[in-house]
Amino acid sequence: MTTDVVFDFGAVLFTWRPDLLVAEQFPQQAATAQAARTLAHTIFHHDDWQSFDRGAVALEQVIDRTAQRLALPHQALQTLMSGIGERLSPIPDTLELLTRLRERREQQGDVRLFFLSNMPAPFARVLERRHDFLRWFDGGIFSGDVQLIKPDPAIYALLETRYALVPARPVFIDDLAANVAVAQARGWRAVQHLSAAQTAAHLFPASR
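Now for a description of the structure that goes with this document. What you see is a predicted model; the values in this text were computed from it and never measured.

Rules used in this analysis
- Residues numbered from 1 in each chain as written.
- Predicted model: local features only at pLDDT ≥ 70, side-chain atom pairs only at ≥ 80, totals over all residues.
- Heavy atoms only, no water.
- Phe/Tyr/Trp six-rings, centres within 6.5 Å; stacked < 30°, edge-to-face > 60°.
- Helix = DSSP H or I, 4+ residues; strand = E, 2+ residues; numbered from the N terminus.
- Buried < 20%, exposed > 50% of the residue type's maximum accessible area, 1.4 Å probe, protein only.
- Lys NZ or Arg CZ within 6 Å of the ring centre and 35° of its normal.

1. Some details on the packing of aromatic side chains
- Applying the stated criterion to the full structure yields 18 aromatic pairs.
- Geometrically, the ring pair formed by phenylalanine 9 and phenylalanine 137 is tilted, given 5.8 Å between the ring centres and 55° between the ring planes. Of this pair, phenylalanine 9 sits in the loop between strand E1 (3-7) and helix H1 (18-25) while phenylalanine 137 sits in the loop between helix H8 (121-130) and strand E3 (139-142), placing them 128 residues apart in sequence. When sorted by exposure, phenylalanine 9 lands in the same class as phenylalanine 137, which is buried.
- Arranged with centres 4.8 Å apart and planes meeting at 90°, the rings of phenylalanine 44 and tryptophan 49 form a pair that is edge-to-face. In this pair, the class of phenylalanine 44 matches that of tryptophan 49, namely buried.
- Each member of the aromatic cluster is reached from another via a ring pair, and the members are Phe7, Phe9, Phe14, Phe115, Phe133, Trp136, Phe137 and Phe142.
- If you follow arginine 100 out to its NZ or CZ, it ends over the ring of phenylalanine 204, 4.0 Å from the centre.

The following block contains the structure:
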């Protein structure tokens, strides 16, 4: 039986450390690690950013609103946000895991590869241009392209219908517990990603 493996991107396949990005761009407002985490949370966990993730507002709108809401320098905030796509780098250990799955698909034909990522459309286009390994996937959904974001069950359902996934078949890999819980509620075998080694143990039980 074919196994459908569904990857999240941020903090799973690509680096996502908003606290470090914020500390680099706003050294005064994020002078300590805790201050950087707090500022990152107020920027990226706000409804404005979620709307951008969903494709409901443009990047410039988010920059304008966030700069006004937090009294941050507009130019610095624009530099931070507009450059995020280029700052997302593949995580070597997880990329190696993806490579193993691709090789298994080619050799045994019992694996399909998909992604389900909360990713604004402009950043998604950057990743597609910069990283050839995205072509390894049999399909996937970026939130900004479909106006839905995790953990809304509708985006999981869309992946199922678009690629004919059987609910009990997918193995879903995501770093956020809330996203994993929704997948499990749909009958998916979901793994909260803490490390590539831990995730590999779920995907390749014989290697334990």
